[in-house]
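If you want the building blocks of each chain, they are given just below.
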Amino acid sequence: MLKHSKEKTLLNIYYSKTVDGCLKNMLNSLQANRGEAKHIIFTPDRMTLQVEEGLFEFLNEQCFFDVDVTTLTRFTNKIVAENNINQRVLTKPECVTIIKKILNENKSEFKTIKKALNFNGFSNTIFETISMFKSCNVTPNQISLNTPNKNLNLKLEDIKLVYQKYEDFLQNDYTDSFNKLNLLTKLIKTQNFKTTHFYFVGFEDFTPLMYNVIKELALNSASVNVACAVSYIDELNNKNIFLNNVYLNLLNLAEVNGIKYNKIYCKTNFNDEFNVISNNLFSIKIKPSTTTPKHTELFKFNSVSDEANFVIKKIQWLIITKKLSYNDFVIITPNLNDYKQKFEQLFVQNNIPYFFDESEPITNSIVVRFYFDLFELVLSNYNKRELFNFLRLYT
């Protein structure tokens, strides 16, 4: 552990080969600080259950009330509600609909995007562009119109107009996730977090808005603990796959804002064969190893069909010989679309219960799509193109 100061540490930067490799060290720190302190662990939404499971196993307790695993969005909503701020957070489809309304109401003022206003998905594209500005904490007034490219300046002027109108709409009863995160950074200063420790686990990167949240928490809490992957480890033979962005940005954030910090190296405890893989994966010059694999086997197949058939037979053999159940197996593919049809066919043929872990946008629902298209039709003042598309799809 490299100490930057003898004073109280407010930012602990845990670094390892992988973000997950830091979790055990962070939980050790959490355990050491239990008592009167409160602990809040932030994870991406997809990792919440995984981190909770690891927490229960590590603490070996049936339940606990001093540790909370949550996402930054849920935490923000909680703090905003506790401060009696009643602005409703708009969903992405609602935000896109507002952008569509702004585009239609101001079409006469645009210089470059008039012809694209009725294109399918154009309002979504404009919203995505505005979202990029907002995630980088760039306001409409900060958009420069003085680039060397005149056409770019005209496009930026149109986007700036839409962006400003969108922000004007959000001034009163509504907000979006970006504005709410900005609001959180202001509310943190008013909260009593002096005995609360915060942990960020599983994040591959942070937006500028999220770095602002980390900064305010570090300045107003017992500590902030962040996990990141780096290439500053001697045994790594694949340093080129690491960007070190989070690590370097956290160091810069601490230095600029006068935040005391620790850099904590978390050594991974992989077995020999996984250690070889983690140190050489995607490396340009692989270092030979004398390690004899005990847990890893490599097979080569000429087709997806051959590969899938082998996997099914292997699973059935292990169930018979090792007394395992189907719940003990996970099949990981590089691309589910290439494998799904073949595996589904084999699962059905062999009476194997299965589940494909895949997300599906809510807009895939015909009911949601119907109302979304209906609202777009109304907002377009029954534009002939929109009306034709609507009737073609739903009549």
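Residues numbered from 1 in each chain as written. Predicted model: local features only at pLDDT ≥ 70, side-chain atom pairs only at ≥ 80, totals over all residues. Heavy atoms only, no water.

### Considerations on the packing of aromatic side chains
Selection rule: Any Phe, Tyr or Trp ring, taking Trp's six-membered ring, that has another such ring centre within 6.5 Å forms a pair; planes under 30 degrees apart are called stacked, those over 60 apart edge-to-face, and the others tilted. Buried residues are those whose accessible area, probed at 1.4 Å on protein chains only, stays under 20% of the maximum for their type, while exposed residues exceed 50% and partly exposed ones sit between those limits.
Counting across every chain of the model gives 24 aromatic pairs. With a centroid separation of 5.0 Å and 20° between ring planes, the pair formed by Phe347 and Tyr354 is classed as stacked. Residue Tyr354 is classed as partly exposed on the basis of its relative accessible area of 36%. Feature note: the residues Phe42, Phe75, Phe193, Phe198, Phe200, Phe203, Phe206 and Tyr211 constitute an aromatic cluster, connected by ring pairs.

### Focus on the nonpolar core
Considering soluble globular proteins, one finds that nonpolar side chains tend to be buried as a cluster. Quick note on the threshold: Joining through side-chain atoms within 4.5 Å is the link that ties buried Ala, Val, Leu, Ile, Met, Phe, Trp, Tyr and Cys residues into a set, and such a set is a nonpolar core. In this description a helix means any DSSP run of H or I spanning at least four residues, a strand means any run of E spanning at least two, and both kinds are numbered starting from the N terminus. We call two residues contacting when some pair of their heavy atoms lies within 4.5 Å.
In this structure, Phe42, Phe200, Phe206, Leu217 and Val224 are the most contacted members of the largest nonpolar core, which totals 42 residues. At the level of secondary structure, the elements contributing two or more residues to this core comprise strand E2 (11-16), strand E3 (38-42), helix H3 (72-82), helix H7 (177-188), strand E7 (193-200), helix H8 (208-220), strand E8 (221-229) and helix H9 (245-257). Among the elements that take part in this core, H8 stands out by supplying 7 residues, more than any other. Setting aside residues up to four positions removed in sequence, Leu217 forms contacts with Phe42, Ile188, Phe193, Phe198, Phe200 and Val224. Listed in part, the 22 residues of the second largest apolar core include Cys95, Val96, Ile143 and Phe372.

### Quick notes on the side chain of Asp176
The condition is simple: Contacts described as polar in this section are N or O atom pairs within 3.5 Å, which, within protein, must combine one atom able to donate a hydrogen with one able to accept it, while residues neighboring in sequence count only if both atoms come from side chains.
You can see Asp176 is positioned in the loop between strand E6 (174-175) and H7. Take Asp176: its relative accessible area is 2%, and that puts it in the buried class. Looking at Asp176, its side chain comes within polar contact range of the side chain of Lys134, at 2.8 Å. One polar contact links Asp176 to Tyr166, side chain to side chain, over a distance of 2.8 Å.

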